[in-house]
There are 2 protein chains.
Amino acid sequence: MNLDTKYWYLRDHKLFSVLSSSELKSICMITNFKTARKGEIILFSHDENTRVYFLKKGTLKIVEIDEKGNEIVKDLIQKGDIFGEFTLTETQSDEYAVAVSDNVICCSFRMDDFEQMLEKNPQLGLSYTKWMGFRFKRLQSKYSNLMFKDVRTRFMSFLEEWASKEGTASADEVTLKNYLTHQDIASLICSTRQTVTQLFNEFKEKGILDYSRTEIILKKTA
Amino acid sequence: MNLDTKYWYLRDHKLFSVLSSSELKSICMITNFKTARKGEIILFSHDENTRVYFLKKGTLKIVEIDEKGNEIVKDLIQKGDIFGEFTLTETQSDEYAVAVSDNVICCSFRMDDFEQMLEKNPQLGLSYTKWMGFRFKRLQSKYSNLMFKDVRTRFMSFLEEWASKEGTASADEVTLKNYLTHQDIASLICSTRQTVTQLFNEFKEKGILDYSRTEIILKKTA
DNA sequence: TGAGTTCGGTCGTCCAGCCGACAATACAGA
DNA sequence: TCTGTATTGTCGGCTGGACGACCGAACTCA
């Protein structure tokens, strides 16, 4: 991939908007780009230097394989998200990112390069700090959801959050393109496949939502 | 409190170690110090500008009151920790910090002052960013503990972490000064008072630990 | 177009741990 | 020293939701 393309990719990321175009160009030199199609795996390289990743386009899921060989979805990464740095747990586990949409593009920096960038660019540093704060808050709310809410509530909050991020809303409903299996959703809300299926049908019955394999439609109820 | 005292207080905080003494002095001007005794409450002021807090000395617990009036301990803040910025959930809940030890000293900055500091001081910014990353990791590990481990395991990890931070170790045991009630521990590991009591006695029986109201002694077992 | 694989639907069983209730103890303040 | 309050100890009942099992439906790939 040539520098020009890189330049345009980085340019419209919120995080880099504080940089001048010459600063941005010099950053392009040290970026690494990767593209992937649905189902492909983007590896975190544990061996070499740690890297910071920016998802430019598409959607990823961070999965981990537990001792029984089950795939646990730990997080969803969407366009614009930063990942890799802290997603890595101390115990070097079998954790990696899988593309769930086509045309995934992400770029990465070596951790130390990135740190240097932050140091040279206070603006960028602040921007990054705020970003992290935001993510911290989200994790915290996930945590307290898990602590205090039952599965039913977690399921609904999950759908609502999802809808607010990716849904296309009409007058009285929000439509979501569904690229997750019940299994995926289950591990995201920390439950089981069967329970998720049950909840889908329960809510469908109540008229709160409708769904097929490819779509989820949330009815807006006042 | 005079500037000199402030200066010495800030000086040996890890975060500020990257600053020169003149930089540090100028920061002293904008800090606010508070002291508290056991049981006293340090309020987060929701109304005025958000503040960032640094705990200089002592221990705090962040508690929240739920709808039934129960006190839920959300976090423990120890000497050197930063708090306030993200502990605040979006829903302005009844959340505040309570001193659990005597001689608590903490200082705070207005959020915008702090941001300016970070911007002016890339070194400090980077230092702060790393700090946050560390906290993020901890929260993440708490989260996956809650997801995948049973109460028994969470209880033990909690004790182990506590011991590693505050315990005084001897040849074959670690002693902890216990300032938490079973109730407190329960909400920290997301369980109930009764279960915590049970676990304490179960492990005591097994000879893994010993405890009284004021002390917890963890036996080191190879 | 058919065989293999993954995903969704449903049921019955089972248990960790929550919850209420109450007793025993420790502790603090007068 | 006495009394009220906070903490700890213990028990049984109860239940949310995990888990295994099994089947049909949908998707995929040759």
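Model, not experiment: these values are computed from the prediction. (Residues numbered from 1 in each chain as written. Chains lettered and ligands numbered in written order. Predicted model: local features only at pLDDT ≥ 70, side-chain atom pairs only at ≥ 80, totals over all residues. Heavy atoms only, no water.)

Caption draft 1: Spatial organisation of the packing of aromatic side chains. Summed over the entire model, instances satisfying the criterion amount to 27 aromatic pairs over all chains. Centre to centre, the rings of W162 of chain B and Y179 of chain B are 5.7 Å apart; their planes meet at 75 degrees, and the pair counts as edge-to-face. Here W162 of chain B is found in helix 5 (residues 151-166), whereas its partner Y179 of chain B is found in the loop between strand 10 (173-177) and helix 6 (182-188), with 17 residues between them in sequence. Classification of Y179 of chain B as buried rests on a relative accessible area of 15%. The rings of F16, F54, F109, F114 and Y128 of chain A are connected pair by pair, giving a single aromatic cluster. (Phe/Tyr/Trp six-rings, centres within 6.5 Å; stacked < 30°, edge-to-face > 60°. Helix = DSSP H or I, 4+ residues; strand = E, 2+ residues; numbered from the N terminus. Buried < 20%, exposed > 50% of the residue type's maximum accessible area, 1.4 Å probe, protein only.)

Caption draft 2: Examining unusual backbone geometry more closely. Residue and element names in this part refer to chain A. Positioned with a positive phi, N103 is a non-glycine residue whose angle comes to about 55 degrees. Relative to the helices and strands, N103 is located in the loop between strand 7 (95-99) and strand 8 (104-110). The class for N103 is partly exposed, based on a relative accessible area of 48%.

Caption draft 3: Up close: the sheet that holds strand 2 (residues 41-42) of chain A. Residue and element names in this part refer to chain A. Ordered in space as 2-7-4-5, the four strands form an open sheet in which the pairing is antiparallel. Of all strands in the sheet, those with a lone pairing partner are strand 2 and strand 5 (71-78), marking the two edges. Here seven bridges tie strand 4 (residues 59-65) to strand 5, and the two strands are oriented antiparallel to one another. Residue pairing across strands places L60 opposite I77, the latter belonging to strand 5. (Pairing = 2+ DSSP bridges.)

Caption draft 4: Spotlight on the protein's contact with DNA strand D. Around DNA strand D lies a shell of 16 residues, among which S191 and T195 of chain A together with H182, R193 and Y211 of chain B are the nearest. Each atom of DNA strand D within 4 Å of the protein was classed as base or backbone; sugar and phosphate made up 67%. One of the backbone nitrogen or oxygen atoms of V151 of chain A is found 2.9 Å away from a phosphate oxygen of DNA strand D. A distance of 2.7 Å separates a phosphate oxygen of DNA strand D from a polar side-chain atom of Y211 of chain B. A per-element tally of the surface near DNA strand D places helix 7 (residues 193-205) of chain B first, with four residues. Of the residues in the surface near DNA strand D, the class split is three nonpolar, nine polar and four charged. (Near = heavy atom within 4 Å. Polar contact = N/O pair within 3.5 Å; in protein donor to acceptor, adjacent residues only side chain to side chain. Nonpolar A, V, L, I, M, F, W, Y, C, P; charged D, E, K, R; others polar.)

Caption draft 5: How the structure looks around a nonpolar patch on the surface. All names here are of chain A. Nonpolar side chains collect at one region of the surface, where L3, M29 and I30 lie side by side and expose about 270 Å² of accessible area between them. Tracing the chain through its elements places I30 in the loop between helix 2 (21-28) and strand 1 (32-36). With relative accessibility at 31%, the residue I30 sits in the partly exposed group. (Patch = residues over 30% accessible without salt bridge, like charges linked within 9 Å, V, L, I, M, F, W, Y side chains within 5 Å. Areas by Shrake-Rupley, 256 points an atom, 1.4 Å probe, with all protein chains shown as cover. Salt bridge = Lys/Arg side-chain N within 4 Å of Asp/Glu carboxyl O.)

Caption draft 6: Local environment of the interface of chain A and chain B. Counting from both sides, the interface comprises 31 residues of chain A and, opposite them, 31 residues of chain B. With both chains or domains summed, chain A and chain B bury close to 3300 Å², and 72% of this area falls on carbon and sulfur atoms. Joining chain A to chain B, the criterion identifies two salt bridges. Across the pair E115 of chain A and K130 of chain B runs a salt bridge, and its minimum N-O distance is 3.6 Å. In this assembly, chain A and chain B are joined by three residue pairs in polar contact (both at pLDDT 80 or more). Among the elements that take part in the side of chain A that touches chain B, helix 4 (residues 122-148) of chain A stands out by supplying 19 residues, more than any other. The class makeup of the residues in the side of chain A that touches chain B is 16 nonpolar, seven polar and eight charged. (Contact = heavy atoms within 4.5 Å. Buried area = accessible area lost by both parts, 1.4 Å probe.)

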